[in-house]
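Here are the chains, one letter per residue:
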Amino acid sequence: MAAHPNILVVEGPSDQAFFESLCRTLGLATTVKVAPPRALQPGAYNSKQGIFNYLPTLLKQLDDGGLARLGVVVDADSPPNGGFLKTQALATQTLAPFGYTLNTTQTAGLVYEHNDGFADVGVWVMPDNHAPGMLEDWAQLALHPREHTLFAHARSAIQAWPEPHKFKPLQCSKAEVATWLAWQAHPGHGLDQAVRDGLFDTESQGYRQLTRWLNQTFPT
């Protein structure tokens, strides 16, 4: 992998596209490389566990100066195998051997500080560093008010479909968001297009906290 000063590592290609679009709105597109593990290291796995397996390699690059700043975005998922507290514990356990401790005073995302003064490592646990869920749950929290009625129809359509569903119950929010996206001006596109089309409320708490965390993790 070619050296890059700032890296935001995400779980997969759809997350990559979303964050590339979001970073573009913040003026970070030219300074932050957004990538899942497999794009950074052939043979790595695109998943939450794949990120934490690969994280020591990136932390070593912070140590030797090959990397200036690092951000991590993972889904909380849901208990019993996931959830925010388990995901936060996994991040802490991965970062602690490299001298990083969690700053408990931060209010936007998770910030891990180094005991020798290296750059902080930012971790965002979707959707909001508290609740179980994933990127699609964040999207629902940040919808622009003019999208609420259409999204309610999408949710009703999913709920009205007779069970058993082909998707797992934990993926219900994915199905709801995918249905809402299918009824937009660019059907078939992902949440990256939703950013470009202005479908999120930039004044919502979820949007403001996530963008604050990004700016905090990658100051210009």
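In this text the structure is predicted, and so the values were computed from the model without any measurement. (Residues numbered from 1 in each chain as written. Predicted model: local features only at pLDDT ≥ 70, side-chain atom pairs only at ≥ 80, totals over all residues. Heavy atoms only, no water.)

For this particular structure, what's the right way to read the pairing of strand 6 (residues 121-126)?
As a general feature of sheets, a regular strand has side chains that alternate between the two faces. Judged by how many residues are buried, strand 6 sits mostly within the fold: six of six residues are covered. Note: strand 3 (residues 69-75) against strand 6, six bridges, orientation parallel. Paired with V73 across the bridge in strand 6 is W124. Sheet topology note: the strand 5 (residues 110-114)/strand 6 ladder contains three bridges and is antiparallel. The partner of Y112 across the bridge, within strand 6, is V121. Where strand 5 hands over to strand 6, the hairpin turn is made up of six residues, of which G117 adopts a positive phi near 90°. (Buried < 20%, exposed > 50% of the residue type's maximum accessible area, 1.4 Å probe, protein only. Helix = DSSP H or I, 4+ residues; strand = E, 2+ residues; numbered from the N terminus. Pairing = 2+ DSSP bridges.)

Sorry if this is basic, but what is going on with the packing of aromatic side chains here?
The geometry of an aromatic ring pair is captured by the separation of the ring centres together with the interplanar angle, meaning the angle of the planes. Using the criterion set out here, one finds eight aromatic pairs in the structure. Measuring from ring centre to ring centre gives 5.4 Å for F18 and W138, while their planes differ by 65°; the resulting arrangement is edge-to-face. Within this pair, whereas F18 is found in helix 1 (residues 13-25), its partner W138 is found in helix 5 (residues 135-141), the two being separated by 120 residues in sequence. W138 shares its class with F18; the two are buried. Among the aromatic residues, ring-to-ring pairing joins F18, F19, W138, F151, W180, F200 and Y207 into one connected group. (Phe/Tyr/Trp six-rings, centres within 6.5 Å; stacked < 30°, edge-to-face > 60°.)

These figures capture arrangement, not role.
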